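As a plain string of letters, each chain reads:
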Amino acid sequence: KDRILSISLCRFAMAGYEPGIKAATASAVFKVRCKSTRPGEAVFVVGSHEALGAWSTAMALALTTTADTFPTWQSAPIPLLAGMMVEYKFIIQREDRQGTPQWQKFDGNYRVTPVAGQVLQAVSDWEVASAEISTLEVPEEPPVEQVPKPTKPTEADKAIAQQENEERLLKMAESGVEKAAAEVIETCPLAVTLTKREMSRRNFSQSLLTLDVDAPEPEKAEKAENEKAEKAEETKKEEKLDKKEGEKTEGTPQSTTATEEVKEVNESTAEDADAQAEQAEQAEAQDAPAEAPADVVVTQAPMDDEDEAVEYEVPLKGLGAPAVRGVPLKHITSFSALADVADAQTKVEHRRREKEKAQSRYQPYNLDVPVVIVTSEVAPYSKTGGLGMVAASYGFEFARNGHRTMVVAPKYKHYDGISYCGETRVRIKDQEENVKYWHLRKDCGEGKGTDFLFIEGRGIQRDGGLYNDDDGREYPDNLERFTMLCLAAMEAPLILDINGEGKYGDKVIFLANDWQAGLVPVYMCYKYRRHNCYTQARAIYVIHNLGYQGQYHGHDACRFFGIDSKAAHDLVLGNCINLSKGALICADRVLTVSPNYSKEIQTASGGFNLQDFVSAKAASLRLAGILNGIDDCWDPAVDPDVFVNFSVEDFEKGKMENKAALQKMLGLDVNPDLCLIGFVGRLTWQKGIDVLASVISWLMQDTGNGVTGQVQLIMMGNGERQYSDTLRWAESNYKGRVCGYVGFDPKVEHQMMAACDLLLMPSRYEPCGLPQMYSQMYGTLPVVHATGGLVDSVKDVSIGVETATGFLVSPLSSDKLKETLFRAVELNIKRKQDFLRMQRTAMQHDYYWPKAMDEYERQIDIVLYEPATVR
């Protein structure tokens, strides 16, 4: 009977009831000090007694903590059977009990023997194998009539509870900063950090981690660099002399490996390098960290999927470097910046024609709430990469949906059609700065339009790029420039009467894009809401690439931003200001550019030291991912750049004609039976070009299997010299079968989408990606690494040819890419009907912006319904 009573009481406790503790009942409180939990995780106690789950982790008893008590976790008094020893241990697992639990690492278990009429307290430490047992005072049970009846929580109660929970999650994230950084270094063995870099060696946004070597003093660094350059020049001359002597007696090798590549390329092509290629390398500044010491490799994502370094071919000795083809790439960091954008009329016509695609299906509840888009670039006025294109799409789509819409961006130069509409003063670094607003109204069709607002202020307009000078150095006052952008953007809805339609007001949605707009949520919490302004507004922070975080050193955050110490704490990570961290903490909602990317940035391999702060947002249900849309100009039925237009009804004939025309134009053998594979992208490690290069010879070699050797390859891109030379080598070595298009031409990209059978995207790191969606609209099946938005937009052939739209490579390695390519090419050549079925399925998918905007409208409705973030 006693055992049945004990078990019943245990079940009541596990179900959430807290009966009074009577003298006849033995109880225990379990308490442990543990700082190893991440946001979304909790400490559980599991043990031999049924109340502790009977050693089942699924039934373990969850402990609780608060922002004030963390890292101490404890249970309520748990009824146990007096005199019966209980063994137990603590585990860490997700709050929803999913995934693999983490057990304490010492051998053996804790033990406690309950005593009748007493409440024992067992206090432990996660790292220690012993527990301290003490006796707590037994509380008196209150009379029944004095127990208040439970009441339904009010909205204010819910808001307070949510705020307390978010404070607890944030406390966990803050406590794990050092551990998170160590995990990133461990998970990304090639990643380094920029924390201690001197100003002149830092790069745009100083995004990835910290540099684990001390930066030399400027004078010493300059002297060392000069000595190093002189020594390198002398060595180079000696090598050239040796080479000339060697060539008299030795033949020229056909190819070399990665370990020989640098020397060979320097010898054969350095003197022929054209200025345009060098400018393209400088333009990589936004997508790769700045120069590092020679023995340090700076990367953006781990190589944990690869077992060994990839070897690949490079050009023949003496091969001249032809001029870079296509459009100029100076200050361009992503080919997305050069993509075409349909005008308003074309978009409207496309949506009328495509009844099943490009149509909104969600009915928003808050179309009367204006949207203010804050961005450092917006096409066509300013663009270096995909951000400018996406910001322009936001401006059009929100206005088309019915929101009053404003896009706020810096005025990097004078734009045609803009007009002065007002000015204000903002305070930065304890100084008043004058800001002018310039306005342009852009028509979106059907009487709707977008207000483009350009910010003019000290330091914004420059002769170089948007963020870097012509030498690729970040402007030293970028932090001031983008602080000015954020403050001016937040003042605009309150002070400007645009077009005589009145002010936007203080109930708006701010859509802050990437670190350059990361101060918008911070000022919302700490400046405006504290003064009873923007109380009904919400700030949504959109992460386009968490690799770039806006890290700045040597500033007093309180003085610089005019904020208190708590706000400054939100902005500081380690020994520097981190604008992305502040935005993550203060935003009312955080969105990423694909659902899968929102999961990846919660891991050490994708979070770049901020993974715990992202996880805290996810655990508080304020994180979501939305796949970017593609522009309406990507429509093979009306695309003016392709050789022959086609639709899903006649794509087989249309693609065949486009293939023949492109083969002829690029000097390839005109052969409809060969599988035509394309690659378009920057030639960088991030894009996996080294893995692609490692399979070129294998693809070209006919071994009698009916697959390899039956392929043509078009590779278009520009970037790092070694990879550009690889493209040139491949074209010269496989005439008529490989086109190595060093450069970029948007028109050729459209033609490749229409003509190719397969598109290769072996990117190691891709928050969203657009080419894989373009290609599917044209019936070109993508072969992609299973990462980021590529996972969300490509359905692998393993689910069946009836529903598949492409091929996923996982993990990314040379062997795995060969395996996946073999399957794809074989399907194209030997199982034509299955391949055609996949092409048709791909073309019928909807990746246009209206579908994406349905999700944005849903997120706006959610964020306006939820309590605002309170700091």
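Residues numbered from 1 in each chain as written. Predicted model: local features only at pLDDT ≥ 70, side-chain atom pairs only at ≥ 80, totals over all residues. Heavy atoms only, no water.

**Some details on the nonpolar core**
Core analysis: the largest hydrophobic core is formed by 136 residues, its most contacted members being Phe-454, Phe-510 and Phe-561. Among all residues touching Phe-561, those that are not within four sequence positions of it are Leu-479, Thr-483, Leu-519, Tyr-523, Leu-571, Ile-577 and Leu-579. Ranked by size, the runner-up nonpolar core spans 42 residues in total, among them Cys-675, Trp-685, Met-715 and Val-742. (Core = buried A, V, L, I, M, F, W, Y, C linked by side-chain atoms within 4.5 Å. Buried < 20%, exposed > 50% of the residue type's maximum accessible area, 1.4 Å probe, protein only. Contact = heavy atoms within 4.5 Å.)

**Examining the sheet that holds strand S19 (residues 551–552)**
Strand order in the open sheet formed by three strands is S19-S21-S20, with antiparallel pairing between adjacent strands. At either end of the open sheet lies a strand with only one pairing partner, and these are S19 and strand S20 (572–573). Inspection of the sheet shows S19 paired to strand S21 (residues 576–578) by two bridges, in the antiparallel sense. When the sheet's bridge partners are listed, Gln-551 is paired in S21 with Asn-578. (Pairing = 2+ DSSP bridges. Helix = DSSP H or I, 4+ residues; strand = E, 2+ residues; numbered from the N terminus.)

**A short note on the pattern of salt bridges**
Pairing between side chains becomes possible if they bear opposite charge and their charged atoms approach one another. With the rule as written, the count across this model stands at 36 salt bridges. Here Asp-612 ties to Arg-38 by a salt bridge, and the two come within 2.5 Å at their closest N and O atoms. Taken together, the residues span a long stretch of sequence, with Asp-612 in helix H16 (residues 611–619) and Arg-38 in the loop between strand S1 (26–33) and strand S2 (41–47) at a distance of 574 residues. (Salt bridge = Lys/Arg side-chain N within 4 Å of Asp/Glu carboxyl O.)

**Considering the pairing of strand S10 (residues 131–136)**
The side chains of a regular strand alternate, residue by residue, between the two faces of the sheet. Here strand S9 (residues 119–125) runs beside S10; their pairing, made up of six bridges, is antiparallel. By the bridge assignment for S10, Ser-124 is matched with Ala-131. Adjacent in sequence and paired antiparallel, S9 and S10 are bridged by five residues.

**Topic: helix H9 (residues 478–495)**
Counted at 1.5 Å a residue, the expected span for H9 with its 18 residues is 26 Å, and the 25 Å between its end C-alpha atoms agrees. In terms of burial, H9 is largely enclosed, as 16 of its 18 residues are buried. (Expected span 1.5 Å × (residues − 1).)

**Comments concerning the pairing of strand S16 (residues 448–456)**
In terms of burial, S16 is a largely internal element, seven of the nine residues being buried. Where strand S13 (residues 405–410) lies against S16, six bridges are found, and the strand directions are parallel. Its bridge partner lying in S16, Val-408 is registered against Leu-453. Relative to S16, strand S15 (residues 431–445) runs antiparallel, the two sharing nine bridges. Within S16, the position partnered with Lys-436 by the bridge is Glu-456.

**As for the confidence of the model for the protein**
Confidence in the prediction of the protein, expressed as mean pLDDT, is 82, and 78% of residues score 70 or more. Below pLDDT 50 for its whole length, residues 1–24 participates in 30 contacts with residues either more than four positions away or in separate chains. When the criterion is pLDDT under 50, residues 313–319 qualifies, and its contacts beyond four places in sequence or with other chains add up to 30 contacts. (pLDDT = per-residue confidence, 0-100.)

**Points about the packing of aromatic side chains**
As enumerated under the stated definition, the model contains 27 aromatic pairs in all. Seen in terms of ring centroids, Tyr-88 and Phe-90 are 5.8 Å apart; in terms of plane orientation they differ by 80 degrees. Their pairing is edge-to-face. Looking at Tyr-88, the relative accessible area reads 0%, which means it is buried. Classification of Phe-90 as buried rests on a relative accessible area of 0%. Lys-89 extends its terminal NZ or CZ atom over the ring of Phe-106, reaching a point 4.8 Å from the ring centre. (Phe/Tyr/Trp six-rings, centres within 6.5 Å; stacked < 30°, edge-to-face > 60°. Lys NZ or Arg CZ within 6 Å of the ring centre and 35° of its normal.)

**Details of the packing of helix H10 (residues 519–528) against helix H13 (residues 579–586)**
Running from N to C, H10 and H13 point in directions that differ by 50 degrees, and their axes come no closer than 7 Å. If you check the angle between H10 and H13, you find them oblique. Where H10 crosses over H13, the two elements pack in a sense that is left-handed. Listed contacts from H13 to Leu-519, Pro-521, Val-522, Cys-525 and Tyr-526 of H10 are Leu-579, Gly-582, Ala-583 and Cys-586. (Axes fitted to C-alpha atoms, helices over the stretch in contact; angles between N-to-C directions. Parallel < 35°, antiparallel > 145°, perpendicular 65-115°, else oblique. Left-handed = near helix turned anticlockwise from the far one by under 90°.)

**What about helix H21 (residues 746–755)?**
Of all 10 residues that make up H21, nine are buried, and the element is covered over most of its length. Restricting attention to buried positions, one finds in H21 the residues Pro-746, Val-748, Glu-749, His-750, Gln-751, Met-752, Met-753, Ala-754 and Ala-755. The N-cap residue of H21 is Asp-745: its side-chain oxygen and the backbone nitrogen of Lys-747 are 2.9 Å apart. (Polar contact = N/O pair within 3.5 Å; in protein donor to acceptor, adjacent residues only side chain to side chain.)

**Some details on the sheet that holds S15**
Reading across the sheet, the nine strands line up as S14-S15-S16-S13-S12-S17-S18-S22-S23 and stay open at both edges, with mixed pairing between neighbours. With one partner strand each, in any of the chains shown, strand S14 (419–428) and strand S23 (623–625) form the two edges of the open sheet. Across the sheet, the axes of successive neighbouring strands diverge by a mean angle of 25 degrees, strand direction being ignored. Sheet analysis places strand S12 (residues 371–374) next to S13, joined by four bridges and oriented parallel. Bridge assignment links Val-374 to a residue of S13, and that residue is Val-408.

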